[in-house]
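The primary structure of each chain is shown beneath.
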Amino acid sequence: MDVSKIDLTTNVLGFNISMPIMIAPTALQKMAHPQGEYATARAASVAGTIMTLSSWASSSVEEVSSTGPGIRFLQLYVFKDRSMVTQLLRRAENAGFKAIVLTADSPVIGRREASIKNRSTLPSYVRWKNFEGMDLEKLDKTNNSAHTSVVNGLYDQSLTWKDVTWLQTLTSLPIIVKGVLTAEDTRLAIQAGAAGIIVSNHGARQLDYVPATIMALEEVVQAAEGRVPIFMDGGVRRGTDVFKALALGASGVFIGRPVVFSLAADGEAGVRKVLEMLHGELEITMALCGCPSLKDITRDHVVTEWDRPRIAPKL
């Protein structure tokens with residue numbers, strides 16, 4: 001195959017990006033670096049890819065927008081006080097955000113024992129910037145276990161698929177549902193009007209024994225039947241991981257921990273570097289697999305555990 005030119009460009013919900021690698025929502029990035037989400041936003045813009053801002057960010061939608069042009073999505077939780085949702089949607093639209101990523105796998109916060117063990121608390125300079133002025137100041141002063149109780153009191157645990165339809169009455173932005181792991185939920189998400197799906201297990205921090213997202217991906221892709229794009233987050237550390245997800249039918253991947261790690265290591269330059277590394281690794285993988293463009297990556301390029309014939313060993 002002629003691999004003298006490798007094309008990683010793709011289109012996500014009508015937006016052209018440089019590669020099928022985007023930034024997942026991770027909260028409180030100023031815990032990693034003083035520039036926090038500002039640095040991540042600038043790095044994503046330079047790389048020509050999408051940044052997803054967490055609702056629980058330490059920089060607001062307006063502050064991230066002020067960093068300059070870029071394609072940005074807003075991750076959203078649905079709160080019992082629906083006015084909080086409505087306000088944040090309006091602000092995101094006004095700040096030029098292009099899509100909403102609805103987290104569907106967190107009616108309550110999972111038992112995060114590492115945070116409990118570390119007795120994690122927020123430093124004084126880190127705030128929940130999207131909710132300033134919404135009487136959430138007590139969140140800034142709680143330890144982890146108390147914080148979990150407060151947040152669980154905010155989340156609407158009666159959230160159902162009809163609320164995806166309700167969100168569509170509030171905004172014209174496309175809604176991507178994040179946190180789907182099964183064919184059944186895939187069909188329900190599409191039926192509810194989702195514009196896309198992110199196969200995600202919330203960084204494996206919500207529920208023990210959930211499958212790795214790469215293991216759940218193909219079931220979701222098959223159930224979608226091409227009606228909406230399917231993305232994946234979780235566990236992506238190398239360009240070969242991206243290639244495997246694409247071969248199993250993903251339209252792209254989102255990365256979380258690599259961004260936070262690189263942000264902590266070297267701020268904006270660190271995030272730029274990790275995006276460059278993944279771009280370069282995917283480019284090399286495509287070349288060595290004979291794929292000059294993303295459309296050339298097929299299911300035949302990977303072998304999974306469920307593909308292998310189960311041959312009994314000879315005695």
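Everything that follows concerns the structure shown earlier in this document.
Position numbers for residues start from 1 in each chain and track the written sequence from start to end. With the structure being a predicted model, the display of local features is reserved for residues of pLDDT at least 70 and the display and counting of side-chain atom pairs for 80 or more, all residues being used for whole-chain, interface and lining totals. Values reported for side chains reflect all heavy atoms of the structure, with hydrogen atoms and water molecules removed beforehand.

(A) Looking closely at the overall build of the chain. Strands here mean DSSP runs of E at least two residues long; helices mean DSSP runs of H or I at least four residues long; both are numbered from the N terminus. Of the regular secondary structure elements, the chain holds eleven helices and ten strands. Throughout, radius of gyration means the C-alpha value; the globule benchmark is 2.2 Å times the number of residues raised to the power 0.38. In terms of overall dimensions, the chain is globule-like: its C-alpha atoms have a radius of gyration of 20 Å, near the 20 Å expected for 315 residues. Taken along its principal axes, the extent of the C-alpha atoms in the chain is 65 × 45 × 40 Å. The long-range share in the chain, meaning contacts at least 24 apart out of those at least 6 apart in sequence, stands at 68%. Only the protein chains shown count as cover for residues, with accessible areas throughout obtained via the Shrake-Rupley method and a probe of 1.4 Å. Working note: accessible area of the chain is about 14900 Å², and carbon and sulfur atoms make up 53% of it. Charge assignment in this entry is limited to Lys and Arg as positive and Asp and Glu as negative, and neither His nor the chain termini are counted. Here the site of a charge means atom NZ of a Lys, CZ of an Arg, CG of an Asp or CD of a Glu. The centroid of the 33 positive side-chain charges in the chain is displaced by 4 Å from the centroid of its 32 negative side-chain charges. Here, two residues are considered to be in contact whenever any of their heavy atoms come within 4.5 Å of each other.

(B) Here's a closer look at the environment of Asn152. Looking at the secondary structure, you find Asn152 in helix H6 (residues 144-154). Only protein chains enter the accessibility calculation, which uses a 1.4 Å probe. A residue is then buried if its area is under 20% of the maximum for its type, exposed if over 50%, and partly exposed in between. In this structure Asn152 comes out as buried when scored by relative accessible area, which is 18%. Along the primary structure Asn152 and Phe79 are separated by 73 residues, whereas in three dimensions their C-alpha atoms are 9.5 Å apart. Setting aside residues up to four positions removed in sequence, Asn152 forms contacts with Lys80, Val108, Ile109 and Gln157.

(C) Region of interest: the environment of Tyr155. Position of Tyr155 among the secondary structure elements: in the loop between H6 and helix H7 (162-170). Note: C-alpha distance between Tyr155 and Ser106 (49 residues apart in sequence) is 8.3 Å. Contacts of Tyr155, omitting those with residues within four sequence positions, involve Trp56, Tyr77, Val78, Phe79, Lys80, Ser106, Pro107 and Ile109. Contacts described as polar in this section are N or O atom pairs within 3.5 Å, which, within protein, must combine one atom able to donate a hydrogen with one able to accept it, while residues neighboring in sequence count only if both atoms come from side chains. Of the polar contacts made by the side chain of Tyr155, one reaches the side chain of Trp56; its length is 2.9 Å.

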